[in-house]
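# Remarks on the overall topology
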Amino acid sequence: MEIKVLENNNLRLDKYLMNNTEYTRSKIQKMIEEGYILVNDKEVKASYIVHENDMIVIDDYDEISDIVPEDIPLDIVYEDDYLLVINKPSGMVVHPAPGNYGGTLVNALMYHCNHLSGVNGAIRPGIVHRIDADTSGLLLVAKDDNTHNDLARQISEKSVTRKYLCLVHGVINEDTATIDAPIGRDAHDRKKMCVTADNSKEAITHIRVLERYRKATLIECVLETGRTHQIRVHMNYIKHPVVNDPVYGYSKMDDSLFGQMLHAKEIGFVHPITKEFMDFKVDPPKKFIEILDKYKNME
């Protein structure tokens with residue numbers, strides 16, 4: 001959708017779009033935040049004051065009228081009446097998007113569950129947070145809005161434990177490190193993220209070396225924030241890109257059918273209803289181990 005501003009009216013972008021589209025203000029703000037609304041081909045904030053002749057482009061990324069439940073096997077680590085913890089395989093997209101309407105985790109969840117939270121709209125029922133399609137591992141799913149909002153609050157307050165196993169190129173000499181570098185959308189390729197001071201958000205990743213090999217390092221990454229592609233962008237930023245990453249890594253792939261060597265191995269949170277602290281761990285997939293062994297045995 002394209003909208004050309006015909007006159008100056010001293011309105012914020014989110015207010016202007018609320019008056020001129022069918023979107024709610026919260027939906028507009030979320031789309032602006034995620035880079036799906038551009039003004040004159042640039043990302044701006046919701047507080048941007050629109051001007052005459054501004055060209056606003058809206059990517060209708062979730063205008064999918066009907067998501068079809070699909071009988072796709074799920075690796076359910078935990079489930080009760082309020083939430084699920086899913087071990088997502090590498091290669092599975094979390095939710096439908098233009099060009100990819102089926103075979104997603106959401107399609108599978110809709111077949112498995114009678115109800116899911118609606119906080120993130122019809123396209124992302126139950127999805128509290130996301131991991132990349134080619135990242136394997138643990139993901140939280142909420143069955144109702146109250147549970148969803150409580151889990152989202154915990155993530156926002158940085159009280160949810162999220163640990164990743166990651167194999168990166170090169171040898172990291174430090175045993176531990178913290179990468180504190182803001183992340184925003186790449187000005188030259190809006191499908192990619194990058195470390196930048198422009199229209200960016202705080203991004204903090206803590207790393208700990210687990211093993212060093214001749215040409216790679218196995219690390220544990222702990223997310224303090226949860227920006228899009230955060231670990232992959234941060235590791236590229238410090239010149240230790242994730243092995244087998246087709247976007248932020250080296251052009252030579254270890255396995256073109258497998259994604260980046262990144263696995264969400266642990267998640268811990270307080271159950272919104274029982275108030276019990278729950279912690280779950282899963283091992284990486286077989287292919288992850290095979291590639292890891294290749295680097296362990298590299299001479």
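Up top is the structure.
Since the structure is predicted, the reported quantities are computational estimates derived from the model, not experimental observations.

## Observations regarding the pattern of salt bridges
A complete count under the given rule lists 21 salt bridges for this structure. Between Arg232 and Asp132 there is a salt bridge, with the nearest N and O atoms lying 2.9 Å from each other. Here Arg232 is found in helix α5 (residues 230-237), whereas its partner Asp132 is found in the loop between α3 (105-112) and β6 (136-142), with 100 residues between them in sequence. The same class applies to Arg232 and to Asp132, which are both buried. For Arg153, the salt bridge goes to Asp150, with nearest N and O atoms at 3.3 Å.

## Details of the side chain of His129
Mapped onto the fold, His129 is located in the loop between α3 and β6. His129 gets classed as buried once you look at its relative accessible area, which sits at 9%. Of note is the side chain of His129, whose polar atom sits 2.9 Å from the backbone nitrogen of Leu140. Once you skip the residues sitting within four places of it in the chain, His129 turns out to touch Leu138, Leu139, Leu140, Ile155 and Ile267.

## As for the nonpolar core
Note on soluble globular proteins: their nonpolar side chains tend to be buried together. Counting 43 residues, the largest nonpolar core has Leu167, Ile219, Met235 and Met261 as the members making the most contacts within it. With 16 residues, the next largest nonpolar core counts Leu13, Met31, Ile32 and Val50 among its residues.

## Points about helix α1 (residues 13-20)
Where α1 is concerned, the buried positions are Leu13, Asp14, Tyr16 and Leu17. Projected down its long axis, α1 carries its buried residues within an arc of 160°, all on one side.

## Observations concerning the pairing of strand β14 (residues 277-281)
Side-chain alternation along β14 places Met278 and Phe280 on a buried face and Phe277, Asp279 and Lys281 on a face that remains uncovered. Relative to β14, strand β13 (residues 262-270) runs antiparallel, the two sharing five bridges. In the sheet register, Ile267 faces β14, and the bridge partner there is Phe280. Between the end of β13 and the start of β14, which pair antiparallel, lie six residues, with Lys275 showing a positive phi angle near 65°.

## Focus: the packing of α1 against helix α2 (residues 25-33)
Orientation of α1 relative to α2, taken along the N-to-C sense of each, is 125°, at an axis distance of 9 Å. The angle between α1 and α2 places the two elements in the oblique class. Between α1 and α2 the crossing geometry is right-handed. Contacts from Leu13, Asp14, Lys15, Leu17 and Met18 in α1 reach Arg25, Ile28, Gln29 and Ile32 in α2. Here the contact of α1 with α2 is composed, by residue class, of five nonpolar, one polar and three charged.

## Considering the packing of aromatic side chains
Counted by the stated rule, this structure contains two aromatic pairs. Aromatic side chains Tyr78 and Phe280 sit 5.4 Å apart centroid to centroid with 40° between the ring planes, which places their arrangement in the tilted category. Taken together, the residues Tyr78 in strand β4 (residues 76-79) and Phe280 in strand β14 connect sequence positions 202 residues apart. Given a relative accessible area of 23%, Tyr78 falls into the partly exposed group. Looking at Phe280, the relative accessible area reads 12%, which means it is buried.

## Focus: the side chain of Thr21
With respect to the secondary-structure elements, Thr21 resides in the loop between α1 and α2. Within the structure, the side chain of Thr21 is placed 2.6 Å from the backbone oxygen of Leu17, a separation counted as a polar contact. A polar contact is formed between the side chain of Thr21 and the backbone nitrogen of Tyr23, at a distance of 3.2 Å. The contacts of Thr21, once residues within four sequence positions are left out, are Met1, Ile3, Ile28 and Ile58.

Definitions and cut-offs
- Residues numbered from 1 in each chain as written.
- Predicted model: local features only at pLDDT ≥ 70, side-chain atom pairs only at ≥ 80, totals over all residues.
- Heavy atoms only, no water.
- Salt bridge = Lys/Arg side-chain N within 4 Å of Asp/Glu carboxyl O.
- Helix = DSSP H or I, 4+ residues; strand = E, 2+ residues; numbered from the N terminus.
- Buried < 20%, exposed > 50% of the residue type's maximum accessible area, 1.4 Å probe, protein only.
- Polar contact = N/O pair within 3.5 Å; in protein donor to acceptor, adjacent residues only side chain to side chain.
- Contact = heavy atoms within 4.5 Å.
- Core = buried A, V, L, I, M, F, W, Y, C linked by side-chain atoms within 4.5 Å.
- Arc of directions from axis to C-beta.
- Pairing = 2+ DSSP bridges.
- Axes fitted to C-alpha atoms, helices over the stretch in contact; angles between N-to-C directions.
- Parallel < 35°, antiparallel > 145°, perpendicular 65-115°, else oblique.
- Left-handed = near helix turned anticlockwise from the far one by under 90°.
- Nonpolar A, V, L, I, M, F, W, Y, C, P; charged D, E, K, R; others polar.
- Phe/Tyr/Trp six-rings, centres within 6.5 Å; stacked < 30°, edge-to-face > 60°.

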